[in-house]
Amino acid sequence: MSVETPLIGDFQPFPSASAEGSLAGVRVGVVTFPGTLDDRDAMRAVRLAGGTAISLWHGDHDLRGVDAVIIPGGFSYGDYLRAGAISRFAPLMEQITAAATGGPGALPVLGICNGFQVLTEAHLLPGSMIKNNSLHFLCRDQRLRVENADTLWTSDYAAGEEIVVPLKNQDGQFVADERTLDELEGEGRVVFRYVRENPNGSRRDIAGISNAAGNVVGLMPHPEHAVEPGFGPDSSARGEVDLRGGTDGLGIFTSVLKKLVG
Amino acid sequence: MSKKFNIDTVANAEATPGQALPWAELGLKQNEYDRVVEILGRRPTGAELAMYSVMWSEHCSYKSSKVHLRQFGDKVTDAMKEHLLVGIGENAGVVDIGDGWAVTFKVESHNHPSFVEPYQGAATGVGGIVRDIISMGARPVAVMDPLRFGAIDHPDTARLVHGIVAGIGGYGNSLGLPNIGGEVVFDSSYQGNPLVNALAVGVLRHEDIRLANASGVGNRVVLFGARTGGDGIGGASVLASESFDDAKPSKRPAVQVGDPFAEKVLIECCLELFKASVVEGIQDLGAAGISCATSELASNGDGGMHVELTKVLLRDPTLTPGEILMSESQERMMAVVTPANAAAFEAIMDKWNVEYSWLGEVTDTGRLVIEWDGETIVDVDPRTVAHDGPVYERPYHRPAWLDGVQADSFQGSSPDLRAAVLELMSSPNMCSKDWVTNQFDRYVQGNTALAMPDDAGVIRVDEATGLGVALSTDANGRYSYLNPYEGARLALAEAYRNVATSGAKPLAVTDCLNFGSPEDPEVMWQFAESVRGLADACQELGVPVTGGNVSLYNQTGGVAIHPTPVVGVLGVFDDVARRTPSGWREDGQAIYLLGTTRDELDGSEWANLRGHLGGTPPVVDLAAEKTLAAVLVNSSRDGMIDAAHDLSEGGLAAALSEAALRFGVGARIGIDELCERDGIDPFTALFSESQGRAIVSVPRSEEVRFNDMCTARNYPTLRIGVVDTENSALDVQGHFTLPLDELKEAHEGTLPRHFA
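Rules used in this analysis
- Residues numbered from 1 in each chain as written.
- Chains lettered and ligands numbered in written order.
- Predicted model: local features only at pLDDT ≥ 70, side-chain atom pairs only at ≥ 80, totals over all residues.
- Heavy atoms only, no water.
- UniProt positions renumbered as here; feature names shortened; annotations may be inferred.
- Helix = DSSP H or I, 4+ residues; strand = E, 2+ residues; numbered from the N terminus.
- Rg over C-alpha atoms; globule rule 2.2 N^0.38 Å.
- Buried < 20%, exposed > 50% of the residue type's maximum accessible area, 1.4 Å probe, protein only.
- Contact = heavy atoms within 4.5 Å.
- Areas by Shrake-Rupley, 256 points an atom, 1.4 Å probe, with all protein chains shown as cover.
- Lys, Arg positive; Asp, Glu negative; His and termini not counted.
- Charge placed at Lys NZ, Arg CZ, Asp CG, Glu CD.
- Pairing = 2+ DSSP bridges.
- Axes fitted to C-alpha atoms, helices over the stretch in contact; angles between N-to-C directions.
- Phe/Tyr/Trp six-rings, centres within 6.5 Å; stacked < 30°, edge-to-face > 60°.
- Lys NZ or Arg CZ within 6 Å of the ring centre and 35° of its normal.
- Buried area = accessible area lost by both parts, 1.4 Å probe.
- Salt bridge = Lys/Arg side-chain N within 4 Å of Asp/Glu carboxyl O.
- Disulfide = S-S within 2.5 Å.
- Polar contact = N/O pair within 3.5 Å; in protein donor to acceptor, adjacent residues only side chain to side chain.

An unreviewed UniProt entry annotates chain A as Phosphoribosylformylglycinamidine synthase subunit PurQ of Arthrobacter crusticola. Taken verbatim from the UniProt record of chain A, the Pathway (unreviewed entry) comment is "Purine metabolism; IMP biosynthesis via de novo pathway; 5-amino-1-(5-phospho-D-ribosyl)imidazole from N(2)-formyl-N(1)-(5-phospho-D-ribosyl)glycinamide: step 1/2." The Subcellular location (unreviewed entry) comment attached to chain A in UniProt states, word for word, "Cytoplasm".

Next comes the structure, spelled out in structure tokens:
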């Protein structure tokens, strides 16, 4: 059964921000698990980037023909066991895992926060997230460096470019064994790194990584909260912005749309 | 698996009129029990006694406060009702904000549980208020939390701060609700009685309003969400003695345990029910659990209700009928569904994996009949349970000590203004609350236009037009201690001013009245005066109270908390893009002070830092507040100001510091002209807490227009400085210069030093 999430108080039809009509033809699926929180935000980000957002339900068995998938943030199944540990067994995750590992032309997949945790539990990405070293939930505007601008999700950035996007989580400390970390560094699979301050104790300041093919990317900060002027962070790495005017996260969504049209 | 208890049925009650019941242990007074017997014409059954005892409790029946709370209704004029779609009495009030949109909002207390078990107490406080919002048919869109703790350095304060902050974050963050504001106050008066108030706001279309009533004979009654357990049973040890089964556990925790995941699923599932129009009436289960939900739904409907209690899904099969009726297990809802919609209802439950059980149906008997395995254990007129509880005119009188306190005016100053500002801004009440607010998600849902530390939280409602709302909560227990009538008016004035400062037009009020014991005539006087003050002030400002909550018995060892009427004000924006932040950014903009400064240091933060609490609180002039609000809202709408910050606790010194720190932009300020105009000294200019004041930053191009508007409205205005992006300092010329780095370090270091 595939039902759109209820719409009260949100989700007015919103015009696409992009003039490039062709981008609107790209269908990006956004997965909702029970306990997912940032699904509507991720869909808004896709729309603002110019694409078409499709709501996907965790219990479904087909991907509704989407061209890419975003697994958004939240606390799927409450995260009482281990973040993402139950979600990885959802019927839709089997479809996503198969499609994301299909060799050339594999499905682009982005995991944000809880989505990143789900991707590591599903073994689409290595490593794991443990509790922040402060032991507290932390919400703040975070500066990141885009280390790899060659993935499907980062091609609109320049390598080494810095961006500011909100960070908000309780289990955000990325850990992996030394050999895995060396491998990620050696293969250029560290996609985002915390700069100026490591907010949670993540190994080697890692904020986001990709798989070897570069179609699957996961990151802990929330680019979907830095896409719309007036509702983003107060700052940008690109210079002065208006009140809550930071939109540095939009490039993640435009990257994949342009790649898929290209 | 209906376990057979030795059930006290109605037939048994009739047959054994002389059987003693533990009504006193359940909290009922002799006259109240006699009244129950009179209503029923026989002794109550154990289950009936359980229902009456919880529903007639202070918490549920407002028996001490009712006679005073009537003023909120009596003093509402037709003009004030203009935007009111649903008023006091429902789960939450509903306010029309235009374009077919409505907003529902309410603040409630969860004080006592949060002292006993800080994490779960605070968490379930958030959960409870959010369910009130859902049951109105709305999608919850934000929460706020006014918090009050004992002295920051008291040995028990860290336990409460850590637990309560984590509990609010743990629950609210998991629901996907942005936390957009609140308060954090430290005062030894709250030692042993922390105040955990939680406000939630929801959004709906006019046609989607749901009310809690059970109408339509033959419609089915369903309980859904979490299973019913033994948590949150009031008077737990008493109830255990009511049990006839020695094998069952005798001790139950009195604090409910929250499951935010279950609540998040419940939110989405309820919204889908509303969208599919498959529920006729709905009610959340909070205090008094099934007792409350059945009796309120039935008495607000047009008939009666029949319920088979063994159908309730249980976490613990040993629960007795009385315990099931009183359990306050969280994340439960009760709905009334037509038989035709039952299948559609079940499909939505199944989609979200939510458990449900059909308990019974709406009848035309006018009676609430509850059966246990077919035997009648409750047969009552639901109105007598839900609405006809006792009402008390508690005696009250003005405390004799108050004259002495009011005569003890604060006499103090400080020759070193620079050191004084640093001391103030690093003090527990004026320091940065980032350590707390950074543990809350303020981004989720993508509609947050302003949050902490700005004057009000601002949420966009309609993405297409930018229509949105602003919310602020305020209270000052020290002001209320000095004069409860004026204190309540001051709380409303500040919340109203904060909303206007953000640029929104204030529309409606919710309140959470936190006081000591109503059985103490002096506390009762504080309560009566506060209600009178708030009701009068609402009338003068033209904003109605739409709902709220009363929390009494906040006292330990005979010492009551400061009277603390927390007031939340809701305002509306045509377009949230016009909201005004609390800090300036543009070099060269003029800084104006609106309003008049008097020597009003009694009850101030500065006096508090000197350990003084006496005299009379600042004078509140609501006509002036109204004009100031109009000036602020119009300036925001017409683009005449780029920043605005209200003056309240900590006075001009705090406002200037916070406005500079907001974006890390300095200013050059002159206060000598202000001192001359208002006849005050520099210390008073900086630390007085006179009301009706705000600072704004005005672009050069708008200065003439801005001045003209203030002149036309006859509101005192004085240019006191200019924004200075070059010098990263607060430079109060002729008095002191404070580099922003130094100010920031003092401001932000306090909470981490105590709690990190």
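Student: Residue-level account of the overall build of chain B, with values.
Tutor: Regarding its fold elements, chain B presents 27 helices and 28 strands. Relative to the 2.2 N^0.38 estimate, which gives 27 Å for 756 residues, the radius of gyration of chain B is 27 Å and therefore close to what a compact globule would have. With the C-alpha coordinates of chain B rotated into their principal frame, the extents come out at 90 × 55 × 50 Å. For chain B, the proportion of its 756 residues judged to be buried stands at 67%. By sequence separation, contacts in chain B at least 24 residues apart represent 85% of the contacts at least 6 residues apart. As displayed, chain B offers around 23,700 Å² of accessible surface, 49% of which is attributable to carbon and sulfur atoms. Positive and negative charge centroids in chain B, built from 59 and 104 side chains respectively, lie 2 Å apart.

Student: Please give an account of the overall build of chain A that cites residues and values.
Tutor: The helix and strand inventory of chain A stands at five helices and eleven strands. Principal-axis analysis of the C-alpha atoms places the extent of chain A at approximately 45 × 45 × 35 Å. When the 262 residues of chain A are sorted by exposure, 62% land in the buried category. Look at the contacts in chain A between residues 6 or more apart in sequence, and 73% of them connect residues 24 or more apart. Just so you have it, chain A exposes about 9,200 Å², and 50% of that area is on carbon and sulfur atoms. The averaged location of the 33 negative side-chain charges in chain A is 1 Å from the averaged location of its 22 positive side-chain charges.

Student: If you had to explain the environment of Phe687(B) to someone new, which residues and values would you point to?
Tutor: Residue and element names in this part refer to chain B. Structurally, the position occupied by phenylalanine 687 is in helix H25 (residues 682–687). C-alpha of phenylalanine 687 to C-alpha of threonine 717: the two residues are 30 residues apart in sequence and 18 Å apart in space. When residues no more than four places from it in sequence are discounted, the contact partners of phenylalanine 687 are Leu417, Ala420, Val421, Leu424, Leu601, Ser604, Trp606, Gly650 and Ala653.

Student: Break down the sheet that holds strand S3 (residues 101–109) of chain B for me, citing the residues and quoting the values.
Tutor: All names here are of chain B. As summarised here, the arrangement of the six strands in space is S1-S2-S3-S6-S4-S5, forming an open sheet in which the pairing is mixed. Of all strands in the sheet, those bounded by a partner on one side alone are strand S1 (84–86) and strand S5 (179–186). Here the strands of the sheet are splayed against their neighbours by 25° on average, with no regard to which way each runs. Note: S3 against strand S6 (residues 195–205), nine bridges, orientation antiparallel. Residue threonine 104 lies in a different strand from S6, and its bridge partner there is glycine 202. The sheet strands contacting helix H8 (residues 157–175) are strand S4 (139–149), S5 and S6, and the helix crosses S4 at an angle near 175°.

Student: Outline the packing of aromatic side chains, supporting the account with residue identities and numerical values.
Tutor: Residue and element names in this part refer to chain B. Under the definition given, this model contains 18 aromatic pairs over all chains. Members of the aromatic cluster, connected to one another through ring pairs, are Phe149, Phe186, Trp435 and Phe755. The lysine or arginine in question, arginine 205, covers the ring of tryptophan 101, its NZ or CZ lying 4.5 Å from the ring centre.

Student: Break down the interface of chain A and chain B for me, citing the residues and quoting the values.
Tutor: On the side of chain B, 50 residues touch chain A, which itself brings 43 residues to the contact. Summed over both partners, the interface of chain A with chain B comes to about 4,100 Å²; 56% of that surface belongs to carbon and sulfur atoms. Linking chain A to chain B there are four salt bridges. One salt bridge connects Glu228(A) with Arg460(B), and the closest N-O pair in it is separated by 2.7 Å. Taken together, the elements giving at least two residues each to the side of chain A that touches chain B come down to helix H1 (39–49), strand S6 (138–146) and strand S7 (162–169) of chain A.

Student: How would you summarise the sheet that holds strand S14 (residues 448–450) of chain B if you had to cite specific residues and measurements?
Tutor: Consider a sheet: its strands pair through backbone hydrogen bonds, and that pairing is either parallel or antiparallel. Residue and element names in this part refer to chain B. Reading across from one edge, S14-S15-S16-S21-S17-S18 is the order of the six strands in this open sheet, with mixed pairing throughout. One side of each edge strand has no neighbouring strand; the edge strands of this open sheet are S14 and strand S18 (545–551). With strand direction ignored, the average angle separating the axes of adjacent strands in the sheet is 20°. Of the strand pairs in this sheet, strand S17 (residues 505–514) and strand S21 (residues 564–573) are connected by nine bridges, and their pairing is antiparallel. The residue of S21 that forms the bridge with valine 509 is valine 569. The strands that helix H20 (residues 521–541) touches are S17, S18 and S21; relative to S17, the one it contacts most, it runs at about 175°.

Student: For the state of the cysteines, give the residues involved together with the corresponding values.
Tutor: Residue and element names in this part refer to chain B. With the rule as written, the count across this model stands at zero disulfides over all chains. For cysteine 270, which is in no disulfide, the shortest distance to another cysteine sulfur is to cysteine 269 and amounts to 5.3 Å. According to the relative accessible area criterion, cysteine 270 is buried, its value standing at 0%.

Student: Any details on the UniProt feature "active site" (unreviewed entry) in chain A? Residues and values, ideally.
Tutor: Residues and elements named next belong to chain A. Sites flagged by UniProt as "active site" (unreviewed entry) map to Cys113, His222 and Glu224. In three dimensions, the annotated residues from a span of 112 residues occupy one location, with a maximal C-alpha spread of 10.9 Å. Positionally, histidine 222 belongs in the loop between strand S11 (216–219) and helix H5 (250–261). A relative accessible area of 1% places histidine 222 in the buried class. Beyond its immediate sequence surroundings of up to four residues, histidine 222 is in contact with Asp38, Gly73, Ile112, Cys113, Val165, Pro166 and Lys168. Structurally, glutamate 224 can be placed in the loop between S11 and H5. If we skip the residues at most four places from it in the chain, glutamate 224 touches Asp38, Asp41, Ala42, Ala45, Ile112 and Phe253. A distance of 2.8 Å separates the side chain of glutamate 224 from the side chain of histidine 222, its partner in a polar contact.

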